[in-house]
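# Topology and contacts: notes
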Amino acid sequence: MEDLKGRQLVVPLQHLVAYPETLFESRESILLDKDFRCQRCGSTVDKKENALPRQVFFCSECQEFGKITSDCRLVYAKVSEEKHSFREVAFTWVGTLTETQSIIARQLQKNYQQKTSTLLWAVTGSGKTEMIFPTIHLALSQGGRVCVTSPRIDVCRELYPRVVEAFQAEQVLLLYGESTEKYRYTDLTICTTHQMLHFYQAFDLIIVDEIDAFPYEGNPVLQFALKNALKPSGQLIYLTATPPNQLLEEVKDSFAIEKSPLRFHQRPLIEPECLWYNHWGKAGDTSFYFKKFYRKVLELLKDNHVLVFCPSIAFMEKLTRRTQKQFALGGVESVSSMDEVRAEKVQKMREQAYQVLFSTTILERGVTFENISVIVIGANHPVYTKSALVQIAGRVDRKGAFRRGRVIFFHNQKTRDIRQACREIKSMNQLAKAWLDE
Ligand SMILES: [Zn+2]
């Protein structure tokens, strides 16, 4: 029973007897009024397309989370109405916050106390995760239930060990689509935004890291599920380095917006070098077109390892093979969303096992590698939105001593996104300077 607090199950009517009303609540799965709306994902159910015999309807939008039909109910365990009990929560994080981080961290706590949700607009490498720890601690200490979520699995995997380290005495559950760990009730949960569909009014605090990332951004199902998973009295904290205008518009009246332009180490963001590369698209085809890329890789390798972003898997594979031929001793790899050993490769890059790692946009955010420079080959390709470019540039010089990390945008057309990304990085650097000069 305890395990089902805030968890929602799809239960066929004939099985409802197993969930007594004294312990469980339930609600309609699909509203059969004029709206015909699925209560798990918020999508409209098509009366013709989604009809089964005997006036039963199903939702096709969220069926990957388990079949849902109108002759089922969404069942969840009652959460006690009584006030939360305060408890002792060990905060075992050993780091310290910089002065700027402390200011933001205190502000986040204050907003939470005052029941105000917050959008934290913090530049890449500002140590967003550390800044949310005190608010997590506060919420847990007040007997609250906390979820840290992100649209990206990689981000969740990266967050997990850091949160566990900061709250060593807590049970922390990591949930995502392919995770093998069985669901159980915990006060602290880390999961992908997809997992929100399995919760109902469960959390007092939901922190969404990389709120602007695919697939959450522009996805009404995930946005609906997130709001459903929050208790009516709960608060949200959105974290992003690159908030889309639409999001800023959406939260401007209801959220506090905090800006943090300073990186953890207080050095400015690395401003991209935009370099013309006429035939970058053929760089993997012949040594003639490859030369320019290869020369730059060798130049960057003198100071750092190199992470190369490619706009497509096919292009990346060709370029990887050609590069591997040049490195007799190995140390050149590639990784994409199709890669089964992707997590292992990311870990190896963290351990600095590769000299050059090729990647699609999957590594554009959420990961920290030390001592790297970055090349975006084909920065004018449409997959590289302004946000993606700002995020990618933000991979460089995140921690450790300054190692002359560089950001190269190879392009054969200076798109609006390239220009906006460069402008945004510059303007955050100016704001940071103003903070430091204060
Ligand atoms: Zn649905």
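The shown structure was predicted, so the numbers you read here are calculated from the model rather than taken from an experiment.

Analysis parameters
Residues numbered from 1 in each chain as written. Predicted model: local features only at pLDDT ≥ 70, side-chain atom pairs only at ≥ 80, totals over all residues. Heavy atoms only, no water. Helix = DSSP H or I, 4+ residues; strand = E, 2+ residues; numbered from the N terminus. Rg over C-alpha atoms; globule rule 2.2 N^0.38 Å. Buried < 20%, exposed > 50% of the residue type's maximum accessible area, 1.4 Å probe, protein only. Contact = heavy atoms within 4.5 Å. Areas by Shrake-Rupley, 256 points an atom, 1.4 Å probe, with all protein chains shown as cover. UniProt positions renumbered as here; feature names shortened; annotations may be inferred. Salt bridge = Lys/Arg side-chain N within 4 Å of Asp/Glu carboxyl O. Patch = residues over 30% accessible without salt bridge, like charges linked within 9 Å, V, L, I, M, F, W, Y side chains within 5 Å. Lys, Arg positive; Asp, Glu negative; His and termini not counted. Charge placed at Lys NZ, Arg CZ, Asp CG, Glu CD. Pairing = 2+ DSSP bridges. Axes fitted to C-alpha atoms, helices over the stretch in contact; angles between N-to-C directions. Domains from an automatic or database assignment. Buried area = accessible area lost by both parts, 1.4 Å probe. Polar contact = N/O pair within 3.5 Å; in protein donor to acceptor, adjacent residues only side chain to side chain.

The subject of this paragraph is the overall build of the chain. In terms of regular secondary structure, the chain is built from 10 helices and 20 strands. Its C-alpha atoms give the chain a radius of gyration of 24 Å, within 12% of the compact-globule value 22 Å for 438 residues. Here the C-alpha coordinates of the chain stretch approximately 70 × 55 × 40 Å along the principal axes. Sorting the 438 residues of the chain into buried and exposed places 55% on the buried side. If you take every contact in the chain between residues at least 6 apart in sequence, the share linking residues at least 24 apart comes to 75%. Accessible surface computed for the chain: about 20,500 Å², of which carbon and sulfur atoms make up 50%.

According to UniProt, the "domain: Helicase ATP-binding" (unreviewed entry) feature falls on residues 109-261. Regarding residues 109-261, the helix share stands at 33% and the strand share at 29%, and the terminal C-alpha atoms are separated by 19 Å.

A word on the pattern of salt bridges. Applying the stated criterion across every chain, the model contains 24 salt bridges. Between aspartate 187 and arginine 87 there is a salt bridge, and its shortest N-O distance comes to 3.3 Å. One end of the pair, aspartate 187, is in the loop between strand E10 (172-175) and strand E11 (188-192); the other, arginine 87, is in the loop between strand E7 (72-77) and helix H1 (99-113), with 100 residues separating them in the sequence. When its relative accessible area of 23% is taken as the criterion, aspartate 187 is described as partly exposed.

Another point: a positive patch on the surface. Residues Lys414, Arg416, Arg419 and Arg423 make up a contiguous surface patch of positive charge. Inspection of the secondary structure puts arginine 423 in helix H10 (residues 416-437). By relative accessible area, which is 53% here, arginine 423 ends up exposed.

The UniProt feature table records "domain: Helicase C-terminal" (unreviewed entry) at residues 289-438. Measuring from the first to the last C-alpha atom of residues 289-438 gives 49 Å, for a span that is 44% helix and 16% strand.

This part takes up the sheet that holds E10. Ordered by their spatial adjacency, seven strands build an open sheet running E10-E11-E9-E12-E13-E8-E14, and the pairing between neighbours is parallel. Only two strands of the sheet have a single partner each, and these edge strands are E10 and strand E14 (255-260). When strand polarity is set aside, the average angle formed by the axes of neighbouring strands in this sheet is 15 degrees. Against the sheet, helix H2 (residues 128-141) touches strand E8 (117-122), strand E9 (146-150), E11, strand E12 (203-209), strand E13 (230-240) and E14, its axis set at about 175 degrees to E12. In the packing of helix H4 (residues 220-229) onto the sheet, contacts are made with E9, E12 and E13, and the angle to E13 comes to roughly 130 degrees.

Of all the eight residues making up helix H9 (residues 386-393), eight are buried; the element is thus mostly covered by neighbouring parts of the structure. Residues of H9 that are buried: Lys386, Ser387, Ala388, Leu389, Val390, Gln391, Ile392 and Ala393. Looking at the buried positions of H9, the neighbouring elements they touch are strand E16 (305-309), strand E19 (372-377), strand E20 (407-411) and H10.

Here we take up the domain arrangement of the chain. On domain assignment, one finds that the chain holds domain 1 (2-77), domain 2 (99-260) and domain 3 (273-341 + 349-437). On a C-alpha basis, the centres of domain 2 and domain 3 stand 28 Å from each other. Between domain 2 and domain 3, the contact holds 16 residues from the first and 19 residues from the second. The junction of domain 2 with domain 3 conceals about 1,500 Å² of combined surface from both sides, 54% of it contributed by carbon and sulfur atoms. Taken together, domain 2 and domain 3 are joined by three salt bridges. Taking the shortest distance from any N to any O, the salt bridge between glutamate 210 and arginine 365 comes out at 2.5 Å. At the junction of domain 2 and domain 3, the tally comes to eight residue pairs in polar contact (both at pLDDT 80 or more). At the level of elements, H1 and helix H3 (153-166) are the ones that each hand at least two residues to the side of domain 2 that touches domain 3.

The next thing to look at is the sheet that holds E19. In spatial order, the strands read E15-E20-E19-E16-E18-E17; together these six strands make up an open sheet with parallel pairing. With partners counted over all chains shown, the strands left at the sheet margins are strand E15 (273-276) and strand E17 (332-335), one partner each. Recorded for the sheet is a direction-independent mean angle of 20 degrees between the axes of neighbouring strands. Across four bridges, the pairing between E17 and strand E18 (residues 356-359) is parallel. When the sheet's bridge partners are listed, valine 335 is paired in E18 with serine 359.

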